[in-house]
Structures are given as structure tokens and as C-alpha cells.
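Understanding the architecture of this molecule
Here is what each chain is made of, one letter per residue.
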Amino acid sequence: MITTSTFPARVRALPWGALGLIALALISSPFFALGIESLAAAWSTPEYSHGPIIPMISLYLFARELRHAPALPDGPTRRWPGIVVIGLGLALGAFGTLAQIPDIVTYALIVWLMGVVLLVMGWDAGRRHWKPVLHLIFMLPLPQILYWRLTIALQMVSSELGVTLVRAVDIPVFLEGNVIDLGVYKLQVAEACSGLRYLFPILSFSYLFGILYRGPFWHKAVLFAMAAPLTVALNSLRIGVVAILVNSYGIGQAEGFLHVFEGWVIFGAAIAILSLSAIGLQRLTPRPLPLAEALDLDYRRFAPEARRLLSVAPSRALIMALGLSALASAAWLSLPRMGSSLPDRFAFATFPGRIGDWEGMRHPLAPETEDVLGASDYLNAIYADAASDARVNLFVAWYADQTGGTGIHSPEVCLPAGGWEVSAFTPHRIALPGRAPFEVNRAIIAKGLNRQLVYYWFDERGVAMTSDWRAKLSVIADGVTRGRTDGALVRYVTPLAAGEDPGAGDARLTRFIATSLPVMGDYIPN
């Protein structure tokens, strides 16, 4: 251990360990700047507005655990695992920054914080304090690809259950995707109504509830497992009640203060149900406790335990961590930054209206649809061949950057939200003159009597991909190696006449793709 006995008393009185931790945070900050910026942006949205509260709850949990922990070690102890974990956090932060994927950087920040706990407390004591650190994941936004899949899944489930409630009170209603048709009024179960903005706070609360609950582990597991289905059920109830009120009193029941107030009712109801569940679980024990005793809410020693951080010893391991982090930060800041190497491209506004024998007409998207799409540039046009009376819809969404919460929304999850039933979803190989064969996603979709044949793929810097997961991984790899995170969704759709064989649609799409794809190279950089 480093001793300061040779220094004046005033110098020895300074909290050198705490100051060292502050210095360590400042030195390491360049590795996490991108993630912190993304957190600030995410916390300004309704879905993650609870984010700033999570670190405070984690700090409370940590201080609460310190009540039962021995004094911070000031002698020899195994602190080297903390240095290793801190190094892992810095490496992940550097990788996420190079790839321009803020999600990786934010998770790296939590890994780094766990490393600091192990460094300060030593391996034997520090590893017991993983629960407050793990709680921090509830402040992080979901990766974009998971966000959209979960949002659309919750929209569909909530819409179905909400309509079931409406029908139960004998109100005629029709559900088309996520649109509830009441006849006079139509309600769209939008992303904001999917229940996602309630799911994260309720998950965080149930996790906290499980930690504070005094009871068997399986009780805690039940309370946490209840969070997701409870959120879906309450959100569905909310949607059903709103639809009933709109049917009786008009569209104003789905807007303004009442709409916001209903959200607070959901959160309050979730807390009440979890509390009642805890009381019920206590009744299953030989000596049931009242809720006031079943939850360990003692906060009286919070401040004294928090002040223990000022007694952190300036250990050799802390000095070593400071030195290694300083060297890593200096090397990191001295590295030349890989700027965007995005090639020049033409805007889709100049995409030709006539391609071979096909004549096209543009159809701009509605402003709210454009906002959800979030594309840097897009093309939506219907091309017709007068000689054969064939029609094909060409839709291309191009993104200059697919990181930081933006990116491609796969039709596989978006089409059902529009009320389309997807069938015969298979990979399909296309062979075109002058180009190597490539695979696309092929699907037949139907809405009522309307059938359509769909081809789509992800154009990731010149490479056609059918998997949105593979496309996302390629963005990470090319972000690091090439400094490029651009990409596009390319979709071709043709209607199928009543009784028409899908093979005729395949031939029609292949013919138009062979004509239009060579033109696409000027608009989608490869």
C-alpha cells in the first residue's frame, strides 16, 4: 500500500483514493464520449425518459449493500481483476467508437464501472456488488434492431388484446394490422402506444422490488418475471378502454392530458399489482411478513455509507490503473480518426422516371411515415409497362448512417403492422445478365382479396443481404475497417391478379429488376 506518512498532515488528510477515482473517470472519458452523448439523446425521448433516475437507484442499492459489508480494504487484496475488467471496458468502448455503434459504448461503460468496483473493493468483496451495477442496464436504450422488433410485436399483441376487450362489450370493431376501426373513428396503435415506454420502468422497478424483497429466491424470480406480461396486459387494457371511450364520447378521449394520465395509471397499477403479488407470495411462507417488513426500505444510513467512498485507499492497483488508462487514452487520442469515406451519390430526386419500357410515377410518403422511416433519402415510385399492363412498386430507403438509433426497418416485421398477412416467406435466387447471382427475400402478402409478391434485400455497401442481423453485423465491421455505416433497403412489389400464378409475378419482377438495377449503382454507393 502507498503511504503518505512523510507528507504534512494537511496533505495526508486529503481523500487521495477518491481523488484518484475522479482522475480515473476523467482519463477514461474519451473512450465513452459517444455512448454518453447517445444516452443524453435517448433520455430525451418518452421511451427512455426514466433513464436519469436509474443511476441514482443503483447508487442507493450500492450504499444499501455497504451497510452489511466490511470496511473498505486498505491492505493487500486481489485488486488485479479490477484492472483487467477496466481494460476490457476501455477496449469495448474503443471498438464501439471505431464502429460508431453507441450501444456497444454504453455497455462498455457498465463493464468499466464494474471494474472500478472490483478495483476499489478487491475481488472477494467487489464481486458481491454486481446487482447495483447490473441495474444500470435499465438506463440504456435497446439496440435499434431489437427496438423495432419489440415495438412492432408489442403493437400487434396490444392491439389484439385491446380489440378483444372492445368486442367483449358488444362494440363492433375491426382490426387491420395495428389500426382499430370503430366505423366512425380509426385509432392507430402507434409506436408510442406499444407499451415499450412502460416496459423499461416497470422492469427496473420489478428488479428493484426483487432486490429489496425479503423472501425466497423463487419469489424474487416470480416478481421480476411478472413485469413484461403485466406491462402488455395493462397496456392492452388501456388501448381497449380508450377505444371504448372514443366510441362513446369522441376522438378527444385519445388525445391530450387524458392520454398522458392513462399512462401514469398504468405505472401505478403495475406497482400496486406487484405489491399485492408480494403479499400473496408471503402468505405461502411459514411466517408471512407484512409488506412494510417484507421490503427492506431502510435508507437511514444512506449518507454515512456513501461517505465511505471518501476513505478509499490510494492503492498500488489504483495507481497502476491510472497509469495504464492514461497511456491508453493518450494512444487513443493520438490515433488518426477514420473519417467518413462515403462515396458520391445521386439523390433519388434525379432517379429516372422512364427505365427502358417502364414509365414511373413517384408517390411521396406521408410526413409521419417519413419520420418513422428515418431514411437519409428514399424513392417510392410505381412503374408500369404499357405493352404488358404490368405494374411494379420500387421502394428504396438509403441511410447515410445506420448507427445511433437510425437504420433499416425490415419489412418482415413492418408489413404485419400494416395489416398484411405474410405467407410463403423464402429466400429466392436471382440470376441477371452481367451480374453474379444473388439472393433476395421473397414473400407473398395478402390483405383481404389483395395479393402481392414482394422481393426485398439489404444493400450493404454493394453486398446484397437477406438477413437484417447479418446486415447489422456488417455495419459494425465496415464501420471499424472502412469508416462506412451507410446502407439501403431495396424492395420490389408487384400485384397478383385473382388466380394469377405467383410464377408470373416472379418473371415480371425479374424483368424489371434486370432493367432498373443497373441504374441503381449511381444512387446506392457500393
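Every value quoted in this text rests on a predicted model; they were computed, and no experiment measured them. (Residues numbered from 1 in each chain as written. Predicted model: local features only at pLDDT ≥ 70, side-chain atom pairs only at ≥ 80, totals over all residues. Heavy atoms only, no water.)

1. Topic: helix α3 (residues 33-43)
Threshold: Working definition: with a 1.4 Å probe on protein chains only, accessible area under 20% of the residue-type maximum means buried, over 50% means exposed, and in between means partly exposed. By definition, any uninterrupted DSSP run of H or I lasting at least four residues is a helix, any uninterrupted run of E lasting at least two residues is a strand, and each is numbered from the N terminus. To obtain the arc, one takes the directions from the helix axis to the C-beta atoms. Here, two residues are considered to be in contact whenever any of their heavy atoms come within 4.5 Å of each other.
Every buried residue of α3 is listed here: Leu34, Gly35, Ser38, Leu39 and Ala42. The buried side chains of α3 occupy one side of the element, clustering within an arc of 135° when seen end-on. The elements touched by buried residues of α3 are α5 (80-99) and α6 (102-126).

2. A short note on the pairing of strand β5 (residues 358-362)
The test is simple: Between any two strands, at least two bridges found by DSSP are needed for them to pair.
Bridge count for strand β4 (residues 354-355) against β5 is two bridges, and the pairing is antiparallel. Along β5, the bridge assignment pairs Arg354 with Glu359. Hairpin geometry of β4 and β5 is characterised by an intervening segment of two residues between the two adjacent antiparallel strands and by a positive phi of about 60° at Gly356. Of the pairings in the sheet, the one linking β5 to strand β6 (residues 377-385) comprises five bridges and is antiparallel in character. Note that in β6 the partner of Arg362 across the bridge is Ala381.

3. Here's the deal with the pattern of salt bridges
Filter applied, for reference: For salt bridges, the criterion is a side-chain nitrogen of Lys or Arg within 4 Å of an Asp or Glu carboxyl oxygen.
Scanning the model with the defined rule gives 10 salt bridges in all. Taking the shortest distance from any N to any O, the salt bridge between Arg484 and Asp486 comes out at 2.7 Å. Among the ionic pairs, Glu500 bridges to Arg508, the shortest N-O distance being 3.0 Å. Across this residue pair, the class does not change: Glu500 and Arg508 are buried.

4. Points about the packing of α5 against helix α15 (residues 316-334)
The cut-off we apply is this: Here, axes are lines fitted to C-alpha atoms. For helices the fit covers the stretch in contact, and angles between N-to-C directions go from 0 to 180 degrees. Orientation categories follow fixed angle ranges, with anything under 35 degrees roughly parallel, anything over 145 roughly antiparallel, 65 to 115 roughly perpendicular, and all other angles oblique. Left-handed describes a crossing whose near helix is turned anticlockwise from the far helix by less than a right angle; the clockwise case is right-handed. For this classification, the nonpolar set comprises Ala, Val, Leu, Ile, Met, Phe, Trp, Tyr, Cys and Pro, the charged set comprises Asp, Glu, Lys and Arg, and every other residue, Gly included, is treated as polar.
Remark: α5 packs on α15, axes separated minimally by 10 Å, with the N-to-C direction vectors making an angle of 15°. Taken together, the axis directions place α5 and α15 in an arrangement best described as roughly parallel. Once α5 is placed against α15, the crossing between them reads as right-handed. Along its contact with α5, which presents Ile83, Ile86, Leu90, Ala94, Thr97 and Leu98, the element α15 presents Ala317, Met320, Ala321, Leu324, Ser325 and Trp332. When the residues that make up the contact of α5 with α15 are grouped by side-chain class, the tally is 10 nonpolar, two polar and no charged.

5. Remarks on the packing of α5 against α6
When two helices pack together, you describe them by how their axes are tilted relative to each other and by the distance separating the axes. Viewed as axis vectors pointing N to C, α5 and α6 meet at an angle of 165°, and their least axial separation amounts to 7 Å. By the criterion of interaxial angle, the relationship of α5 to α6 is roughly antiparallel. As for how α5 packs across α6, the hand of that crossing is left-handed.

6. Some thoughts on the confidence of the model for the protein
The predicted coordinates ought not to be read in detail in places where the model reports low pLDDT. Inclusion rule: pLDDT runs from 0 to 100 and stands for how confident the predictor is about each residue.
Residue-level pLDDT values for the protein average 81, and 84% of them are 70 or greater. Note on residues 9-13: pLDDT is under 50 here. Beyond four places in sequence and across chains, it has four contacts.

7. Description of a nonpolar patch on the surface
The criterion, for reference: Every patch collects residues that have over 30% relative accessible area and no salt bridge, joining them within 9 Å if they carry like charges and within 5 Å if they are nonpolar side chains (Val, Leu, Ile, Met, Phe, Trp, Tyr). For the area figures, the Shrake-Rupley method with a 1.4 Å probe applies, and any residue is considered shielded solely by the protein chains shown.
Side chains of Tyr107, Trp130, Leu134 and Ile137 sit close together on the surface and give an oily, nonpolar patch of about 350 Å² of accessible area. On the secondary structure map, Tyr107 appears in helix α6. With a relative accessible area of 35%, Tyr107 lands in the partly exposed category.

8. Regarding the nonpolar core
Defined as follows: Note on terminology: a nonpolar core comprises buried Ala, Val, Leu, Ile, Met, Phe, Trp, Tyr and Cys residues joined through side-chain atoms within 4.5 Å.
Core analysis: the largest hydrophobic core is formed by 64 residues, its most contacted members being Leu24, Phe32, Trp112, Leu119 and Leu223. Examining the composition of this core, we find that 13 residues originate from one element, α6, more than from any other. When neighbours within four sequence positions are excluded, Trp112 is seen to be in contact with Leu24, Ala25, Ser28, Phe32, Ile86, Gly89 and Leu90. One finds Ala381, Tyr383, Leu394 and Val490 within the second-largest nonpolar core, a separate group that totals 32 residues.

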